[in-house]
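Residue-level structure breakdown
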Amino acid sequence: KRIGTALATGDVGYLDPAGYLHLLGRADRMIVCSAKNVYPEEVETVLGRHADVDRAAVFGIDDPRRGKRLVAVVKPMPGRVLARAGLTAWCRRHLPRYKVPTRYVLLDDWPLTVSHKADLPRLQTWVDDGVLRPLP
């Protein structure tokens, strides 16, 4: 979308004091959790740095107390085993508490679009419908 001579991409970010651009995520994926804005891409990046995680996607589901709560869909690296406690501890070391998912679900067969990106709408539907198995 054009705004004057600029092009709006839908990405959200900020310039630091040195003038470097930091991208937070897509505006249309932002989740309001406990009255704070969470960009799933930031949480996905942290989860993706975990040695046992191959892929991760984060979504918000309705929560009467928080507005939304964070659910992480994770795919383990081949031959690796993931546990909720380990992922939570990892996220707590690298993220503020309000950005730490409260639920993790495991998915071995990751759905992809024709361009080989994560099929986020399909994953969101599976999360909403509760068809994915939670991590112990």
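Attention in this report is confined to the structure presented alongside it.

Cut-offs applied
Residues numbered from 1 in each chain as written. Predicted model: local features only at pLDDT ≥ 70, side-chain atom pairs only at ≥ 80, totals over all residues. Heavy atoms only, no water. Helix = DSSP H or I, 4+ residues; strand = E, 2+ residues; numbered from the N terminus. Rg over C-alpha atoms; globule rule 2.2 N^0.38 Å. Buried < 20%, exposed > 50% of the residue type's maximum accessible area, 1.4 Å probe, protein only. Contact = heavy atoms within 4.5 Å. Core = buried A, V, L, I, M, F, W, Y, C linked by side-chain atoms within 4.5 Å. Lys, Arg positive; Asp, Glu negative; His and termini not counted. Salt bridge = Lys/Arg side-chain N within 4 Å of Asp/Glu carboxyl O. Polar contact = N/O pair within 3.5 Å; in protein donor to acceptor, adjacent residues only side chain to side chain. Phe/Tyr/Trp six-rings, centres within 6.5 Å; stacked < 30°, edge-to-face > 60°. Lys NZ or Arg CZ within 6 Å of the ring centre and 35° of its normal.

**Quick notes on the overall build of the protein**
The helix and strand tally for the protein stands at three helices and ten strands. Its C-alpha atoms give the protein a radius of gyration of 16 Å, near enough to 14 Å, the size a compact globule of 136 residues would have. Each principal axis of the C-alpha atoms in the protein carries an extent, and together these give about 50 × 35 × 30 Å. Scored against the burial criterion, the 136 residues of the protein give a buried share of 36%. Sequence-distant contacts in the protein: of pairs separated by 6 or more residues, those separated by 24 or more amount to 54%.

**Topic: the environment of Ala35**
Tracing the backbone shows Ala35 in the loop between β5 (31-33) and β6 (36-38). Accessibility expressed as a relative area gives 73% for Ala35, which makes it exposed. The sequence separation of Ala35 and Tyr98 amounts to 63 residues, and the corresponding C-alpha distance is 9.5 Å.

**Some words on the nonpolar core**
With 21 residues, the main nonpolar core has Leu47, Val74, Leu82, Leu87, Cys91, Tyr104 and Leu135 as its most contacted residues. Listed by contribution, the elements that provide at least two residues to this core are β5, α1 (40-48), β7 (53-63), β8 (67-76), α2 (84-94) and β9 (103-106). Contact partners of Cys91, with chain neighbours within four places excluded, come to Val46, Leu47, Val100, Pro101 and Tyr104.

**Considering the side chain of Asp16**
Within the element layout of this structure, Asp16 appears in the loop between β3 (11-15) and β4 (21-26). Buried and without a salt bridge, Asp16 has Arg49 as its closest oppositely charged side chain, separated by 14 Å. A polar contact of 2.9 Å, which involves the side chain of Asp16, links it to the backbone nitrogen of Ala18. A polar atom in the side chain of Asp16 sits 2.9 Å from the backbone nitrogen of Tyr20.

**Re the environment of Arg92**
Relative to the helices and strands, Arg92 is located in helix α2. By relative accessible area, Arg92 is classed as partly exposed at 48%. Residues contacting Arg92, with those up to four places away along its chain left out, are Arg97 and Val100.

**Focus on the packing of aromatic side chains**
Enumeration according to the criterion identifies zero aromatic pairs in this entry. Positioned over the ring face of Phe59 is Arg29, at 5.9 Å from the centre of the ring.

**Considering the pattern of salt bridges**
According to the stated counting rule, one finds ten salt bridges in the structure shown. Notably, a salt bridge pairs Arg29 with Glu41, separated by 3.6 Å at the nearest N-O pair. Of this pair, Arg29 sits in the loop between β4 and β5 while Glu41 sits in helix α1, placing them twelve residues apart in sequence. Of the two residues, Arg29 and Glu41, neither departs from the other in class, the shared state being buried. Bridged by salt links that share partners, the residues Arg29, Glu41 and Glu44 form one connected network.

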